[in-house]
Amino acid sequence: MKKITTLAAVTVFAASLMAGTAGAAPMPETPHPWDKRVKCKSDDPDGRHIVTRYGNSQLGWHHFTGRHNIKKCS
């Protein structure tokens, strides 16, 4: 019985150490922050305003110029 109690105490202690460090890790920063500056402004045929922001490699002007080879705002 003494061995089972000792083993259980060690297991609970080890689990509490592992659980305590999991929440202490800092959140990773986003690899590509979003740039909110406006690159171009235009209107579509229906009169709606279209704003193109600089953005990042996933969406925005940086995405268009890199992936889709768009070089002009028009």
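Residues numbered from 1 in each chain as written. Predicted model: local features only at pLDDT ≥ 70, side-chain atom pairs only at ≥ 80, totals over all residues. Heavy atoms only, no water.

Asks: Tell me what's going on with the pattern of salt bridges, and back it up with residues and numbers.
Replies: Pairs may arise between side chains of opposite charge once their charged atoms sit close together. Applying the stated criterion across every chain yields a total of 3 salt bridges. With a shortest N-O distance of 2.8 Å, D35 and R37 are connected by a salt bridge. Within this structure, D44, D46 and R48 form a network of salt bridges that share partners. (Salt bridge = Lys/Arg side-chain N within 4 Å of Asp/Glu carboxyl O.)

Asks: Which residues make up the state of the cysteines, and what are the values?
Replies: Scanning the entire structure with this criterion turns up 1 disulfide. Disulfide pairing places C40 opposite C73 at an S-S distance of 1.7 Å. With C40 in strand β1 (residues 35–43) and C73 in the segment after α2 (61–67), the pair connects residues that are 33 residues apart, well separated along the chain. (Disulfide = S-S within 2.5 Å. Helix = DSSP H or I, 4+ residues; strand = E, 2+ residues; numbered from the N terminus.)

Asks: Kindly report on the packing of aromatic side chains, identifying the contributing residues and their values.
Replies: With the rule as written, the count across this model stands at 0 aromatic pairs. The ring of Y54 is capped by R37, whose NZ or CZ atom sits 4.3 Å from the centre of that ring. (Phe/Tyr/Trp six-rings, centres within 6.5 Å; stacked < 30°, edge-to-face > 60°. Lys NZ or Arg CZ within 6 Å of the ring centre and 35° of its normal.)

Asks: Break down the environment of P33 for me, citing the residues and quoting the values.
Replies: Tracing the backbone shows P33 in the loop between α1 (2–22) and β1. With relative accessibility at 57%, the residue P33 sits in the exposed group. Separated by 24 residues in sequence, P33 and S57 have C-alpha atoms that sit 9.4 Å apart. In this structure, P33 is in contact with G55 and N56, ignoring residues within four places of it in sequence. (Buried < 20%, exposed > 50% of the residue type's maximum accessible area, 1.4 Å probe, protein only. Contact = heavy atoms within 4.5 Å.)

Asks: How would you sum up the side chain of D44? Please name residues and give values.
Replies: Inspection of the secondary structure assignment puts D44 in the loop between β1 and β2 (49–55). Engagement of the side chain of D44 in a polar contact is seen with the backbone nitrogen of R48, the distance being 2.7 Å. (Polar contact = N/O pair within 3.5 Å; in protein donor to acceptor, adjacent residues only side chain to side chain.)

Asks: Describe in detail the pairing of β2, supporting the description with residues and values.
Replies: Inspection of the sheet shows β1 paired to β2 by 6 bridges, in the antiparallel sense. Bridging from a neighbouring strand, D35 pairs with G55 of β2. (Pairing = 2+ DSSP bridges.)

Asks: If you had to explain unusual backbone geometry to someone new, which residues and values would you point to?
Replies: With a phi angle near 60°, N69 is a residue other than glycine that sits in the positive phi range. One can find N69 in the segment after α2. With a relative accessible area of 55%, N69 lands in the exposed category.

Functional significance is not addressed by these values, which are geometric in nature.
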